[in-house]
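# Summary of the model geometry
Here is how the chains run, residue by residue.
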Amino acid sequence: MDEVAGAIADPVRRQILVLLRDGRLTAGEVAERFPISRPAVSRHLRVLRQSGLVCAELVGRQRFYTLDPEQFTELIEWLAQFVRPSGWEHRFDALETEVYRTRRERRPSGTADSREENSA
């Protein structure tokens, strides 16, 4: 998790991840989208590859990079503890409570009153 957090700490690397979300790109295609040198982009890609966030595939003389979203799982689970439930989650909880209450009220009861009515 520390490597993933360190890798996404840089804004250029976060932008690279967003680019790769839509599909695989070569290092050159990634570099074209940034006003920094190609060697700098290569260093960013290396950090992302070492953290496991991207995979590289060598095809001929080109290296294609793809996103590996599985590496985010542990970080997402850790971050989830800091997220407050949205208003919708509270509403769904209230709806669930009402559904159970309605089911309970509609359930035939085994009280003496209902048995007396059935035997009459």
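These numbers were taken from a predicted model, which means no experiment stands behind them.

With that settled, the discussion passes to the overall build of the protein chain. A tally of regular secondary structure across the protein chain gives 7 helices and 3 strands. When the helices and strands of the protein chain are placed in sequence order, the string is α-α-β-α-α-β-β-α-α-α. Evaluated residue by residue, the protein chain yields a buried proportion of 22% over its 120 residues. Residue pairs at least 24 apart in sequence account for 51% of intrachain contacts in the protein chain once pairs closer than 6 positions are excluded. As displayed, the protein chain offers around 9,300 Å² of accessible surface, 51% of which is attributable to carbon and sulfur atoms.

We now examine the sheet that holds strand β2 (residues 54–59). Across the sheet, which stays open at both edges, the 3 strands sit in the order β1-β3-β2 with antiparallel pairing between neighbours. What marks the edges here is a single partner per strand, and that holds for β1 (25–26) and β2. Where helix α4 (residues 38–51) meets the sheet, its contacts fall on β2 and β3 (62–67), and the angle it forms with β2 comes to roughly 115°.

The terminal C-alpha atoms of α4, which comprises 14 residues, lie 20 Å apart, in line with the 20 Å expected from a rise of 1.5 Å per residue. Buried within α4 are the following residues: Ala 40, Val 41, His 44, Leu 45, Leu 48 and Ser 51. Looking straight down α4, one finds its buried side chains confined to an arc of 140°; they lie on one side. Here the buried face of α4 lies against α1 (2–7), α2 (11–21), α3 (27–31), β2 and β3. Directly beyond the C-terminal end of α4, a positive phi value near 90° is found at Gly 52.

A few words on the nonpolar core. With 18 residues, the main nonpolar core has Ile 16, Leu 48 and Leu 53 as its most contacted residues. For this core, the elements supplying multiple residues, two or more each, are α1, α2, α3 and α4. When residues no more than four places from it in sequence are discounted, the contact partners of Leu 48 are Ala 7, Arg 13, Ile 16, Leu 17, Leu 53 and Val 54.

A separate point is the pattern of salt bridges. With the rule as written, the count across this model stands at 2 salt bridges. Measuring nitrogen to oxygen at the nearest pair gives 2.4 Å for the salt bridge that ties Glu 98 to Arg 101. Remark: Arg 101 and Glu 98 occur in helix α6 (residues 87–106); sequence separation between them is 3 residues, near one turn of the helix. Glu 98 gets classed as partly exposed once you look at its relative accessible area, which sits at 38%. Among the residues examined, Arg 101 registers a relative accessible area of 33% and is labelled partly exposed.

What follows concerns the confidence of the model for the protein chain. Overall, the predicted model of the protein chain reaches an average pLDDT of 83, with 85% of residues at or above 70. Per-element confidence in the protein chain ranges from a low mean pLDDT of 51 for helix α7 (residues 112–119) to a high of 93 for α2.

How each quantity is defined
- Residues numbered from 1 in each chain as written.
- Predicted model: local features only at pLDDT ≥ 70, side-chain atom pairs only at ≥ 80, totals over all residues.
- Heavy atoms only, no water.
- Helix = DSSP H or I, 4+ residues; strand = E, 2+ residues; numbered from the N terminus.
- Buried < 20%, exposed > 50% of the residue type's maximum accessible area, 1.4 Å probe, protein only.
- Contact = heavy atoms within 4.5 Å.
- Areas by Shrake-Rupley, 256 points an atom, 1.4 Å probe, with all protein chains shown as cover.
- Pairing = 2+ DSSP bridges.
- Axes fitted to C-alpha atoms, helices over the stretch in contact; angles between N-to-C directions.
- Expected span 1.5 Å × (residues − 1).
- Arc of directions from axis to C-beta.
- Core = buried A, V, L, I, M, F, W, Y, C linked by side-chain atoms within 4.5 Å.
- Salt bridge = Lys/Arg side-chain N within 4 Å of Asp/Glu carboxyl O.
- pLDDT = per-residue confidence, 0-100.

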